Each structure stands twice: as structure tokens, then as C-alpha cells.
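For reference, the chains in residue letters:
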Amino acid sequence: MFNASELAMPYLRPLQAYAPGEQPTEENWVKLNTNENPYPPSPQVDAAIQKAIGLLRKYPSPTSAPLRTSLARHFKLGADQVFVGNGSDDVLNLLVRAFSGDNPVAAMQPSYSLYPVLTGIAGKQIVHIPFGDSMEVDIDAIANSDANLFFMTSPNAPTGLAIPNTILREILDRFSGIFVVDEAYADFADESAVELLNEYPNCVVTRTFSKSYSLAGLRVGFALADPSTVAVLDKVRDSYNVDGLAQAGAQAALEDQTYFKAITEKIIRNREYYRTKFDAWGWFTYKSSGNFLFTRPLIGDRFGAEIAKSLFDHLKANKILVRHFPKHPDTCAFLRISIGTEDEMESLIEAIESWLS
């Protein structure tokens, strides 16, 4: 019997694919498991996409040039410092393809679980550098990692903790490889590494339109980097890597900053409000700079993987999806909960209270 896996590259055979959060096919679920924005995108997005539909017979800009120009203006950079991809995952994949080299790729742990998958696809090894007990960064370990490419998620996933620029500067002063600050959630944070780009040419900041701009379904991400880094990424990307509707929608969302700020501020307010709810129950919750909370549920004074799984199952039975990461000791006792609408969050609180009782 034919088995294509026998013809695959040997290093791909044991690879485990990335497992995204569950996507329900039925209606009436409260979906708080994939950090999507609970609010619709800017009304300008619909108008831009409707206009772009008339151009579907033509290829889109191969470099997403209008969007690159808008991003450069927004971040006060040159257009040659901007790269646009099919979601930030595509950008991360291209960074691995272009810069993994003969040395290992490295990343913090816990962190985004896609990194080892992308590294494995390229046939490379990944080195994980653990955070300390208080989620402190081991700068010496990073500097001595011998990595050609390093991924630092800030704000961190799944904890939500932001890595201060003072720490990133200390690392960049000692790290000579490509240092990627994955800022998927930075629009919900107080600080960004974008200000470091012109100071450290080996620094790359990746961003996405999926979270703060409510465009997860369009798949648009981008990197801000030194022009030489962007030039390398342009060599390895697909010829037309971002479709025309996505380019138009992302540019319209970016240019409606009034709507963007109103939505992000609402999510931040809700994040802080519902964190106080968890605090009132005595749960330990990391100080989040993302659009989610990473919290450790308690029954009495007991916590652990079984208790987190119990609440996860109870919520799912009530058609509420959150995220549990049971495979690592630093994450197994926690649940990651995306910030939803006020109604969705109140449904969550009611379900948790029924579990507690």
C-alpha cells in the first residue's frame, strides 16, 4: 500500500504538526481559546475589500508595496525596512528558512509552540532556554546559545508578560545573530521593540493584523527590520505571497487609527477588569500585556494540572472554549483565556462560579 511518508524527508517523519486552538463548527459557542479579537474590524475594511474585488482578475502587488508604504509611515521607518507576509506565521517561517543556518535556532520556554514546528520543517534543531521561576530572562544563556536565529515572544505567549526594552537591549548588546521579537500582542502592551530597530540592525520585530486589527481571517503579518534583512526575506518569499483582498483590507484597517485605538483600549480595560475577578478568587494570574489572561484556577487551596483540566472540561461542557497547555510543567496548571466581549466574559464568569460551587 502506498505511503507517502516513506518518501518524505527523513527529518519530517517524526515531526508533530502545530495544533491550533479548537475551531467549533456549530453555533452558540463562546470562543476564548485563540486570542482572536471579539470585535469586528474597522468599517473601512469592508469598503476597501469591496473595491479590491473589482481587481481580482489581476495579480496583486507582489511586494504589497502600498501596504509596506503605509506601515513604514505608521512606524516612522523606511519602506525598505518593511516586509509583508501571509500572516506573521509566514514571516516566522521565512525567517527560519533564510537565517537558521548551520547553528541551532533558539527560543524561550514556555513560548509560541509553532517555533519548534517551523524549525523541524527546515530540518534544524531548536534549543529552548527556560524562563526562571519568576519568568526572568537568562541573558547569559541567550548570549551563549550559539544560535544564528533567536525568537523572543513579547508579550510572551502564553503568559502575557512583556519583556522590557531594557532587557532586550542587554541581550542585543551581546547577541550577534538575528534576534526576532515576536510582537503579535504588542498593541495591547505599554512598550514595543520597534524603537530598537535603528539601534540594532540584527533586530527583527514581527507583527500581525490578526489580533488588534480583527483580521485573523485575512492572514496578514509583517516584519520590521534592517533593509538587508528585508532584502533576504524578499528572496525566499512566494512571488505573490499576500492576496489583493488581504492587502487592501489590512491597509484600510491600519489607516483607521481612531477605530483601532477605541477597540484596543476597550480590550485592555476588560482585561484588567476580569483579572480582578480572578484575583478575588485567590487565583494567580500573570500580569498580561496581551489580549488574554493566563490564570491558575484553585479549588480551595489546591491547584495543578488536574484542576485546570477539570475547569477546562467544565467550560467546554458549557460551550465555552479556553486553552489548556498540559504538556509542560510551567503551563499545565494554568488556563489561557482570551478577552471576549462583555457578554462572553460574563458567560465565562457564570460558568466558573458554577464550577466553583
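Residues numbered from 1 in each chain as written. Predicted model: local features only at pLDDT ≥ 70, side-chain atom pairs only at ≥ 80, totals over all residues. Heavy atoms only, no water.

Chemist: Sorry if this is basic, but what is going on with the packing of aromatic side chains here?
Modeler: Ring pairs (aromatic) are described by centroid distance and by the angle formed between their planes. Under the defined criterion, the tally for this structure stands at 21 aromatic pairs. Note on Phe175 and Phe179: the rings are 5.9 Å apart at their centroids and 65° apart in plane angle, and the pair reads as edge-to-face. One aromatic cluster is present, built from ring pairs that chain together Phe75, Phe209, Tyr213, Phe222 and Phe260. Above the plane of the ring of Tyr39 lies Lys266, whose end atom (NZ or CZ) is 4.6 Å from the centre. A cation over an aromatic ring shows up here: Arg296 above the ring of Phe303, its NZ or CZ 3.8 Å from the ring centre. (Phe/Tyr/Trp six-rings, centres within 6.5 Å; stacked < 30°, edge-to-face > 60°. Lys NZ or Arg CZ within 6 Å of the ring centre and 35° of its normal.)

Chemist: Would you explain the pairing of strand 6 (residues 178-182) in this entry?
Modeler: Consecutive side chains of a regular strand alternate in pointing toward one face of the sheet and then the other. Counted residue by residue, strand 6 has five buried out of five residues, so it is predominantly covered. Alternating positions in strand 6 separate into two faces, Ile178, Val180 and Asp182 on one and Phe179 and Val181 on the other, with burial throughout. Here strand 5 (residues 149-153) runs beside strand 6; their pairing, made up of five bridges, is parallel. Of the residues in strand 6, the one forming a bridge with Phe150 is Phe179. As for the winding sense of the linkage, the β-α-β connection from strand 5 through helix 6 (residues 165-172) to strand 6 is right-handed. (Buried < 20%, exposed > 50% of the residue type's maximum accessible area, 1.4 Å probe, protein only. Helix = DSSP H or I, 4+ residues; strand = E, 2+ residues; numbered from the N terminus. Pairing = 2+ DSSP bridges. Right-handed = clockwise from strand over helix to strand, strands pointing away.)

Chemist: Got a minute to help me understand the packing of helix 1 (residues 43-53) against helix 8 (residues 244-255) in this structure?
Modeler: Each pair of packed helices can be described by the angle between their axes along with the distance between the axes. Relative to each other, helix 1 and helix 8 sit at 150°, their axes nearing to 8 Å. Here helix 1 lies roughly antiparallel to helix 8, going by the angle between them. In terms of crossing hand, the pair formed by helix 1 and helix 8 is right-handed. In contact with Gln44, Val45, Ala48, Ile49, Ala52 and Ile53 of helix 1, helix 8 contributes Gly244, Leu245, Ala248, Gly249, Ala252 and Ala253. (Axes fitted to C-alpha atoms, helices over the stretch in contact; angles between N-to-C directions. Parallel < 35°, antiparallel > 145°, perpendicular 65-115°, else oblique. Left-handed = near helix turned anticlockwise from the far one by under 90°. Contact = heavy atoms within 4.5 Å.)

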